[in-house]
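What the coordinates show
Read off the chains here:
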Amino acid sequence: MLLAAVILIVGVALIFDFINGFHDAANSIATVVSTRVLSPNLAVAWAAFFNFVAAFGGGVHVANTMGKGIINFEMLRATGPTAVLSVIFAALMGAIAWNLLTWWWGLPSSSSHALAGGMIGATLPVLGLKGLMGAGIAKIAAFIVLSPLIGTTLGMTLMLVSTWVVHKQTPRVVDVWFRRLQLVSSAIFSYSHGTNDAQKVMGIIAVVLFGTIWADRPFHIDWWMIISCHAAIALGTFFGGWRIIRTMGHSLTKLAPIGGFSAETGGGVTIIALAELGIPVSTTHTITGAIVGVGSTRGWRAVKWGVAGRIIWAWVFTIPASALMALLIYGMTQVVVRMVG
């Protein structure tokens, strides 16, 4: 019975990973589609490929943070397998619910923060505040602000530098160069997306396994977790969340290939660097900041701040909203368990 429940929760975790890729496809392909460097179908295939390739070089620092840096894993494990499974199930369902809602609304919210919020909300009724890792949560919260600012700065800087480098070239030559370079920058960003986002679910799966059937083993990330999570997120990216892609690629600002290259490279470098530090940042926040940075080099009116404002509100509400959803789902599951029992 316990093994069946564990397999079910691991399956739900991989479903979340798929939805994560589906929801965040816009992050990887919005710029390369909006600049018409790649068709939508080719763009999602390109992004999905590099989401998966990240399995072979992305590391597991973020996975360890998600597994042990948000909730007190040892304290949760001590409560027993049933509590571990209940908490993780509620956390995943809360995050999935928020992701699907924001996908329906066409808002590029953060899957990373939805999962973090879900874990917080589901843990509170079981362990209380003492079960939360304040330092890890504070670090994630800080980068809600810092990651888009870093993305904005790098996107703006790369745009200015790129423009200066090619200022003597004809527009046609610039367009040809950066159409080719945007294939590279899109690959960099898709790789970074896989590196950061697939690792989150690895950490969750590790909590499930090492908190239940493998409770006698030390916490670590196995190779099969890495491969399966990258495969799930790549598959989700391949199917793409087109509602959000329209918001990111067309509604926020108008991009040329040189701008797309600058935004993708700035965002991708930021995410890869932070992943090495084990910080589960939002790829959504980072690429949005980079796109805004690129757009602002043409003047503040080049950015549609009304759209940007809607996106920022989604960022602000993601952690508390997904935490509340997870808390409610945990409560409902306990009612069902008591009724069945």
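Our structure's up above, just so we're on the same page.
A brief look at the structure comes next.

Here is what the cut-offs are and how they apply
- One numbering rule holds for all chains: residues counted from 1, following each sequence as written.
- For this predicted model, a pLDDT threshold of at least 70 governs which residues receive local features, and a threshold of 80 or more governs which side-chain atom pairs are given and counted, while totals over whole chains, interfaces and linings are taken from all residues.
- Think of the side-chain values as coming from all heavy atoms in the structure, minus any hydrogens and water.
- Secondary structure elements are taken from DSSP: a helix is a run of H or I of four residues or more, a strand is a run of E of two residues or more, and numbering for both begins at the N terminus.
- What a helix is expected to span follows from its residue count: subtract one and scale by 1.5 Å.
- Bend is the name given here to the angle between axes fitted to two runs of seven residues, the run ending at a residue and the run starting at it.
- In this scheme, a residue with accessible area under 20% of its type's maximum is buried, one over 50% is exposed, and one in between is partly exposed, where area comes from a 1.4 Å probe on protein chains only.
- When charges are counted, Lys and Arg are positive and Asp and Glu negative, with His and the chain ends excluded.
- Counted as salt bridges are all cases of a side-chain nitrogen of Lys or Arg within 4 Å of a carboxyl oxygen of Asp or Glu.
- The definition of a polar contact used here is a pair of N or O atoms within 3.5 Å, where within protein one atom must be able to donate a hydrogen and the other to accept one, and adjacent residues in sequence count solely through side-chain atom pairs.
- A fitted line through C-alpha atoms represents every axis, and for helices the fit uses only the stretch in contact; the resulting angles, taken between N-to-C directions, go from 0 to 180 degrees.
- Any angle that falls under 35 degrees is termed roughly parallel, while one over 145 is termed roughly antiparallel, one within 65 to 115 roughly perpendicular, and all others oblique.
- Left-handed describes a crossing whose near helix is turned anticlockwise from the far helix by less than a right angle; the clockwise case is right-handed.
- Here, two residues are considered to be in contact whenever any of their heavy atoms come within 4.5 Å of each other.
- Amino acids are sorted into nonpolar (Ala, Val, Leu, Ile, Met, Phe, Trp, Tyr, Cys and Pro), charged (Asp, Glu, Lys and Arg) and polar (every other residue, Gly among them).

Glancing now at helix α8 (residues 171-210). Along its 40 residues, α8 runs 57 Å from first to last C-alpha, staying within 8% of the 58 Å computed at 1.5 Å per residue. Largest kink in α8: about 25 degrees, centred on leucine 181.

Turning our attention to the side chain of glutamate 264. Turning to its location among the elements, glutamate 264 is positioned in helix α11 (residues 257-276). Here glutamate 264 occupies a buried position and makes no salt bridge, while the nearest side chain of opposite charge, arginine 179, is found at 11 Å. A distance of 2.5 Å separates polar atoms of two side chains, one belonging to glutamate 264 and the other to serine 185. Reaching out from glutamate 264, the side chain makes a polar contact with the backbone nitrogen of serine 186 at a distance of 3.2 Å.

Here the focus is the packing of helix α5 (residues 81-105) against helix α6 (residues 111-127). Between α5 and α6, the least distance of the axes is 8 Å, while the angle of their chain directions is 140 degrees. Here α6 runs oblique to α5, going by the angle between their axes. The handedness of the crossing between α5 and α6 comes out as right-handed. Note on element contacts: α6 touches α5 through Ser111, Ala114, Leu115, Gly118, Met119, Ala122, Thr123 and Val126, opposite Ala83, Val87, Ala90, Ala91, Leu92, Ala95, Trp98 and Asn99. A per-class count over the contact of α5 with α6 returns 12 nonpolar, four polar and no charged.

Time to look at the environment of asparagine 99. With respect to the helices and strands, asparagine 99 occurs in helix α5. Along the chain, asparagine 99 and alanine 47 lie 52 residues apart, while their C-alpha atoms are 20 Å from each other. In this structure, asparagine 99 is in contact with Phe16, Ile19, Asn20, His23, Ser109, Ser110, Ser111 and Ala114, ignoring residues within four places of it in sequence.

Turning next to the packing of α8 against helix α9 (residues 223-239). Two elements in contact, α8 and α9, have axes separated by 9 Å at closest approach and are oriented at 130 degrees. Taken together, α8 and α9 sit at an angle that is classed as oblique. The hand of the α8/α9 crossing is right-handed. Seen from α8, the contacting residues are His193, Gly194, Thr195, Asp197, Ala198, Val201, Met202, Ile205, Ala206, Leu209 and Phe210; seen from α9, they are Trp224, Met225, Ile226, Cys229, His230, Ile233 and Thr237. Broken down by class, the residue content of the contact of α8 with α9 amounts to 12 nonpolar, five polar and one charged.

Geometric values such as these leave the question of function open.
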